[in-house]
Amino acid sequence: MSRLPLQARWLFCLGLLYIQQPAGWARDIDEALTGKLYVHKVVQQRFFSHDNGSVELRAVLKGHADLPPWLHLYQPDSFSDGFLYGSPQSEDSNAKPIVIELTGVNRDSYATAKKKIRLRVLQQESQGTLLRKVEFLIINRGFAEILEPETLGDFLERVKQVWDKASQDLFASDIRQTQEGVVLTVASVAPHSTALQRVSTEEVYRPDNWCESDNMHGVGFVSINSTFAPNFIVDWCALALEQVNTSEPTAKTEPINSIIFESDPEFEPLSRFHLKRNYFWDIFVALVIPGIVLLLIIIVVSCIICGFREGQ
């Protein structure tokens, strides 16, 4: 038998590795950067390819009952795709990938299917000591719409037009849902543009105070509104600019109402050996006294029946 060529043997080995991987494993490793918004779309059809029914998505960290604190799962309803999203911090970075277990539950047939995602959180390289952030309140889009990669990318491109110096390193750093709409925070090391500063100071806080007097959210008064509308309606009255010093270490928070028994002089731990309890009075009250009362009743009744017969 002729020997296989070297390339053929490599392909054969790779094929064996691919076949031997457990079902449901993600072949690639997702990467999330600290301080940057991570979004992973969870498509329902990857769980039940031949079923378009109601599918509820669930996600946990392998070996745990819930996801890591920074990671969340959002699914608008059981007929829609879901999203894993979150912004990891420096303490969440890890060299070894974590495993996220996804479960799809068919609400009609109660069938289940599982998938796994391997995720590595990397420390983002700092490009400066000052990080500028801008917080936008988008009032005409749903939370799932903003999490769509195309929609999120479209919004960032529009931000670059009004924050030109941030065109190279602009990124989404956080997102949250409120009753008023979706709050999206973008960040860059570049200084805030004059256009954004004007909106947050001169145009919004004018003497006539139109932010409190009308219900248009400043749409008709802000010069850069045309860059976003009509695809994105931004509440310019809620625009917030922030500057963060990334060189300052994060303060450690102490647990609230923490109790350290070892250092408490008044704390006396219970003994491992319980003292023997004296059950004499318990037995006396429960048995002896009722027995004496019953005996007296028997004597009285016997005297009445036997000692006072009729005719004697």
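Residues numbered from 1 in each chain as written. Predicted model: local features only at pLDDT ≥ 70, side-chain atom pairs only at ≥ 80, totals over all residues. Heavy atoms only, no water.

K.L.:
In this structure, what is going on with helix 3 (residues 149-162)? I would like to understand it.
P.N.:
Note on helix geometry: an α-helix contains 3.6 residues per turn, so any two residues three or four positions apart are oriented the same way. The first and last C-alpha atoms of helix 3 sit 21 Å apart over 14 residues, in line with the 20 Å expected at 1.5 Å per residue. All of the buried residues in helix 3 are Thr-151, Leu-152, Phe-155, Leu-156, Arg-158, Val-159 and Val-162. Taken around the axis of helix 3, the buried residues stretch over an arc of 160°, which confines them to a single face. In helix 3, those exposed residues whose orientation departs by more than 90 degrees from the buried face are Glu-150 and Gln-161. (Helix = DSSP H or I, 4+ residues; strand = E, 2+ residues; numbered from the N terminus. Expected span 1.5 Å × (residues − 1). Buried < 20%, exposed > 50% of the residue type's maximum accessible area, 1.4 Å probe, protein only. Arc of directions from axis to C-beta.)

K.L.:
What should I look at first to understand the nonpolar core in this one?
P.N.:
Among soluble globular proteins, nonpolar side chains are generally buried collectively. One finds Phe-136 and Leu-184 to be the most contacted residues of the largest nonpolar core, which totals 33 residues. Those elements giving two or more residues to this core turn out to be strand 5 (82-86), strand 8 (130-138), helix 2 (143-147), helix 3, strand 9 (171-177), strand 10 (182-188) and helix 4 (194-203). For this core, the element with the most residues is helix 3, which contributes 5 residues. Of all hydrophobic cores here, the second largest spans 20 residues; its members include Ala-59, Trp-70, Leu-71 and Val-121. (Core = buried A, V, L, I, M, F, W, Y, C linked by side-chain atoms within 4.5 Å.)

K.L.:
Can you walk me through the sheet that holds strand 11 (residues 240-245) in this structure?
P.N.:
Sheets are built from strands paired through backbone hydrogen bonds, the pairs being either parallel or antiparallel. Strand order in the open sheet formed by 4 strands is 9-10-8-11, with antiparallel pairing between adjacent strands. One side of each edge strand has no neighbouring strand; the edge strands of this open sheet are strand 9 and strand 11. On average, adjacent strands in this sheet sit at an angle of 25° to one another, irrespective of strand direction. Strands in contact with helix 3 are strand 8, strand 9 and strand 10; relative to strand 10, the strand with the most contacts, it is inclined by about 55°. (Pairing = 2+ DSSP bridges. Axes fitted to C-alpha atoms, helices over the stretch in contact; angles between N-to-C directions. Contact = heavy atoms within 4.5 Å.)

K.L.:
Just checking my understanding: could you explain the environment of Ala-113 for this structure?
P.N.:
Along the chain, Ala-113 falls in strand 7 (residues 112-122). Using a relative accessible area of 16% as the deciding quantity, one classes Ala-113 as buried. Put simply, Ala-113 and Thr-103 are 10 residues apart on the chain and 5.7 Å apart in space, counted from C-alpha to C-alpha. With sequence-adjacent residues up to four places away left out, Ala-113 is seen in contact with Phe-47, Phe-48, Leu-102, Thr-103 and Gly-104.

K.L.:
Is there a simple way to think about unusual backbone geometry in this case?
P.N.:
Most of the time, phi is negative for any residue but glycine, and the peptide bond is trans. For the bond running from Ala-229 to Pro-230, omega is 5°, close enough to zero to count as cis. Looking at the secondary structure, you find Pro-230 in the loop between helix 6 (225-228) and strand 11. Although it is not a glycine, Tyr-110 sits at a positive phi angle of roughly 60°. The topology assignment puts Tyr-110 in the loop between strand 6 (98-106) and strand 7.

K.L.:
So what exactly am I meant to see when it comes to the side chain of Gln-44 here?
P.N.:
Position of Gln-44 among the secondary structure elements: in the loop between strand 2 (38-42) and strand 3 (55-61). Given the relative accessible area of 9%, Gln-44 is considered buried. A distance of 2.7 Å separates a polar atom in the side chain of Gln-44 from the backbone oxygen of Ser-78. When sequence neighbours within four positions are dropped, the list of residues in contact with Gln-44 reads Gly-53, Val-55, Gln-75, Ser-78, Phe-79, Ser-80 and Asp-81. (Polar contact = N/O pair within 3.5 Å; in protein donor to acceptor, adjacent residues only side chain to side chain.)

K.L.:
In this structure, what is going on with the sheet that holds strand 7? I would like to understand it.
P.N.:
Pairing within the open sheet is mixed, and its 4 strands lie in the order 1-7-6-3. With partners counted over all chains shown, the strands left at the sheet margins are strand 1 (29-33) and strand 3, one partner each. The mean angle between the axes of side-by-side strands here comes to 30°, regardless of whether they run parallel or antiparallel. In this sheet, strand 7 lies alongside strand 1 in parallel orientation, the contact comprising 5 bridges. Bridging across to strand 7, Glu-31 finds its partner in Arg-120.

K.L.:
Would you mind going over the pairing of strand 9 with me for this structure?
P.N.:
For a regular strand, side chains alternate in direction, first toward one face of the sheet and then toward the other. Here 6 bridges tie strand 9 to strand 10, and the two strands are oriented antiparallel to one another. Pairing of Gln-177 across the sheet is with Val-182, part of strand 10. The hairpin turn running from strand 9 into strand 10, its antiparallel successor, is 4 residues long.

K.L.:
Hey, could you run me through the pairing of strand 3 in this one?
P.N.:
Side chains of strand 3 alternate between two faces, with Val-55, Leu-57, Ala-59 and Leu-61 buried and Glu-56, Arg-58 and Val-60 left unburied. The sheet contact formed by strand 3 and strand 6 spans 7 bridges and is antiparallel. Looking at strand 6, one finds that Val-55 is bridged to Asn-106.

K.L.:
What's the story with the environment of Ala-187 in this structure? I'm lost.
P.N.:
With respect to the element layout, Ala-187 can be found in strand 10. Given the relative accessible area of 0%, Ala-187 is considered buried. With 17 residues separating them in the primary sequence, Ala-187 and Leu-170 have C-alpha atoms 5.8 Å apart. If we ignore the near neighbours within four places in the chain, the residues touching Ala-187 are Leu-131, Arg-132, Lys-133, Trp-163, Asp-169, Leu-170, Phe-171 and Ser-173.

K.L.:
Explain the side chain of Ser-78 to me, please; I cannot follow it from the model alone.
P.N.:
Along the chain, the position of Ser-78 falls in the loop between strand 4 (71-74) and strand 5. At 2.6 Å, the side chain of Ser-78 and the side chain of Ser-54 are in polar contact. Those residues in contact with Ser-78, other than ones at most four positions away along the chain, are Gln-44, Gly-53, Ser-54, Val-55, Glu-56 and Arg-107.

Taken by themselves, the reported measurements are silent on function.
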